[in-house]
Structures are given as C-alpha cells and as structure tokens.
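If you want the building blocks of each chain, they are given just below.
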Amino acid sequence: MEKAIIKIKRFDGKKEWYDQFQVDIQDRTTIAEVLMQIHDRVDPTLSFRVQCRASICGTCGVKINGEKHVLACKTKVKENLVNGEILIEPLSNMPVIKDLVTDHKEFIYKIKDVKGWFEPKKEFQPVYPDDLKQFDKETDCILCGICYSICPVFEADRDFGGPINFVKVFRFWKDKNDALGDERIVLAENNRITSCVHCKYCTFSCPKQIPVEQDILQIEFYGKQKGIIKKDEDTGGFSTPFGF
Ligand code: FES
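Residues numbered from 1 in each chain as written. Predicted model: local features only at pLDDT ≥ 70, side-chain atom pairs only at ≥ 80, totals over all residues. Heavy atoms only, no water.

Visitor: Explain the overall build of the chain residue by residue, including any values.
Guide: A count of helical and extended segments in the chain gives 8 helices and 7 strands. When the backbone C-alpha atoms are referred to their principal axes, the chain occupies close to 60 × 45 × 30 Å. Here the chain holds 244 residues, and the buried ones make up 48% of them. Counting only contacts in the chain whose residues sit at least 6 apart along the sequence, the fraction spanning at least 24 positions is 64%. By element, 50% of the accessible surface of the chain is carried by carbon and sulfur atoms, the whole surface being about 12,700 Å². (Helix = DSSP H or I, 4+ residues; strand = E, 2+ residues; numbered from the N terminus. Buried < 20%, exposed > 50% of the residue type's maximum accessible area, 1.4 Å probe, protein only. Contact = heavy atoms within 4.5 Å. Areas by Shrake-Rupley, 256 points an atom, 1.4 Å probe, with all protein chains shown as cover.)

So, in structure tokens, the structure goes:
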C-alpha cells in the first residue's frame with residue numbers, strides 16, 4: 001500500500017472547484033476504484049459513471065493530468081502519478097452535468113446523422129474471415145466518447161461529426177451485407193469529414209485500439225477518388241479548418 005493524492009474537478013451545476021483526497025493505492029488500483037473509494041468512504045456527493053468495470057460499457061471516460069483521456073476502469077493510478085498526485089477531470093467537448101459526469105447526447109445524436117447502424121441488403125451473402133478483417137476492429141467501438149473528447153477540430157468546427165461518427169461510417173461501409181454502400185461516403189461528407197486535421201489523437205487515445213484516423217483517411221481518399229468528396233487543390237487534397 002502507498003499513499004496517493006487524488007485531485008478532482010468538481011461541478012455542481014453552478015460553480016466549479018477542485019477537491020483533493022488522500023487514498024491508499026496498490027500497483028493495480030484503477031482510477032475507477034479510487035473514485036468508488038472516495039465516494040463510499042469520504043464524500044458521497046462525488047458523481048462519476050462506472051458500470052461494467054471491464055472496458056465494455058464505455059461509461060467511465062475521464063481526463064487525467066490535463067492531457068490523457070482514458071477509461072477510469074482500465075487505467076492504473078500508480079502509472080499516472082505525477083509527484084504522487086493525479087488530476088481527474090471530466091471529458092472535454094461535451095457539457096458537464098455534475099463533477100465527472102458528462103452529457104453524451106451530442107455525439108450520440110450525431111451518430112444518427114450518419115445512419116450509424118446496419119442497413120441489411122435483401123440477399124444475405126456469407127461472411128468469411130477475410131471479409132470480417134475489413135472492419136473487425138471498428139466493431140469494438142464502445143461509444144465511450146474519448147475520441148470525441150480529445151479531438152481538437154471542435155474548436156474550429158462545432159458541426160464536425162467527430163471521430164466516433166466516422167468509425168461507424170467505416171464499419172458499415174466495409175460490410176458487404178450493408179445496403180447503403182457509397183451513400184455512407186455522402187453522409188460522411190455531409191458530416192464534414194474533411195474538417196479532420198489528421199492529428200491522430202483519436203487513434204492514440206482509443207481504449208480499443210481502433211485505427212480511427214486511418215479509417216477517416218480511407219473514407220476521404222475513396223470519396224475524393226470517386227468524386228463524392230470535393231478535392232481541395234490548394235491544400236493538397238485535404239481541406240481543414242486550420243488551413244493545413
Ligand atoms: S466501467 Fe464500463 S468501460 Fe469502464
């Protein structure tokens with residue numbers, strides 16, 4: 001056992017402040033576990049979301065030390081201590097409801113805009129392992145919103161669909177039993193896929209190791225080759241709100 005200082009950004013609907021707690025941790029103690037410990041033993045008013053505790057439900061996303069966006073149930077406290085402390089804040093790019101609880105409504109509604117669900121063809125074709133490999137990683141998306149939280153594009157373009165959106169586009173576009181085909185690329189363009197700046201923060205932060213930026217690149221490349229997505233000659237094929 002060793003001691004760690006846990007700093008938590010609080011919000012009660014009106015004002016923001018930081019609270020600090022000292023807790024006992026072991027090597028394997030996760031952020032979710034210290035949050036539950038604080039809630040159960042020190043401050044029952046602390047709000048956060050944790051359900052499956054197994055990186056499956058996607059509800060426990062938080063920001064730590066001002067830079068990393070992680071699943072609380074998967075992330076060890078000890079590995080992220082800076083001088084014996086860790087700072088825990090709510091995810092970015094979405095409204096905070098209370099303390100570490102954020103409102104996921106915006107990105108969930110945006111998934112509706114790209115028809116982020118399976119539209120079956122009339123005739124079902126058998127799916128072989130090689131077909132599955134095309135979109136296998138993308139089926140792992142747990143809608144945690146971490147890629148949405150870390151994406152810098154929203155500072156310049158609030159209407160950008162967000163990385164999570166284009167993972168859904170990619171997953172169904174690559175499925176040979178999906179009926180929408182290239183209509184999915186049109187939907188991606190309508191949801192401003194070309195605003196992506198290809199910083200790869202989404203790829204590096206995804207707790208499921210989905211190659212998010214690569215998927216966006218593939219959709220854009222295909223769309224531009226097919227004339228579905230407009231090429232921007234001045235920016236060498238990419239059009240971004242940042243001008244590069
Ligand atoms: S509690 Fe379900 S993903 Fe973390």
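Picking up where we left off.
Visitor: Report on the domain arrangement of the chain, specifying residues and quantitative values.
Guide: Partitioning the chain into structural domains gives domain 1 (2-101) and domain 2 (105-235). Spacing between the C-alpha centres of domain 1 and domain 2 amounts to 29 Å. On the domain 2 side, the residues contacting the 14 residues of domain 1 number 17 residues. Where domain 1 abuts domain 2, roughly 1,100 Å² becomes buried across the two surfaces, and 54% of that area is made up of carbon and sulfur atoms. The largest per-residue losses of area from domain 1 upon contact with domain 2 belong to His69, Asn93 and Met94, which jointly make up 48% of the total buried on that side. For the pair domain 1 and domain 2, the number of links is 0 salt bridges. There are 8 residue pairs in polar contact (both at pLDDT 80 or more) connecting domain 1 and domain 2. Here the side of domain 1 that touches domain 2 gets 3 residues from one element, more than from any other, and that element is strand E4 (residues 68-71). (Domains from an automatic or database assignment. Buried area = accessible area lost by both parts, 1.4 Å probe. Salt bridge = Lys/Arg side-chain N within 4 Å of Asp/Glu carboxyl O. Polar contact = N/O pair within 3.5 Å; in protein donor to acceptor, adjacent residues only side chain to side chain.)

Visitor: Mind laying out the nonpolar core, listing which residues take part and the relevant values?
Guide: Formed by 60 residues in total, the largest nonpolar core has its most connected members in Ile6, Ile8, Ile31, Ile88 and Ile219. Residues contacting isoleucine 219, with those up to four places away along its chain left out, are Phe166, Val169, Phe170, Trp173, Ile185, Ala188, Ile193 and Ile229. (Core = buried A, V, L, I, M, F, W, Y, C linked by side-chain atoms within 4.5 Å.)

Visitor: Hey, could you go over the pattern of salt bridges for me, with residue numbers and the actual values?
Guide: Evaluation of the coordinates by the stated rule reveals 22 salt bridges. For lysine 7, the salt bridge goes to glutamate 85, with nearest N and O atoms at 3.2 Å. In this pair, lysine 7 is assigned in strand E1 (residues 2-11) and glutamate 85 in strand E5 (residues 85-89), connecting sequence segments 78 residues apart. One network of salt bridges, in which partners are shared, links Arg10, Asp19, Asp43, Lys98 and Asp99.

Visitor: So what's going on with the sheet that holds E1? Which residues, and what values?
Guide: Reading across from one edge, E2-E1-E5-E3-E4 is the order of the 5 strands in this open sheet, with mixed pairing throughout. Because the sheet does not close on itself, it has two edges, and the strands there are strand E2 (16-25) and E4. Neighbour to neighbour, the strand axes of the sheet diverge by 30° on average, direction disregarded. Summarising the sheet, E1 and E5 pair through 4 bridges and their orientation is parallel. For isoleucine 6, the partnering residue across the bridge sits in E5 and is isoleucine 86. (Pairing = 2+ DSSP bridges. Axes fitted to C-alpha atoms, helices over the stretch in contact; angles between N-to-C directions.)

Visitor: Can you tell me about the confidence of the model for the chain, naming the residues and giving the values?
Guide: For residues with low pLDDT, the predicted coordinates do not support detailed interpretation. Across the chain, the average pLDDT comes to 93, with 95% of residues at or above 70. This model gives residues 234-244 a pLDDT under 50, and the stretch forms 23 contacts once residues within four places in sequence are excluded. (pLDDT = per-residue confidence, 0-100.)

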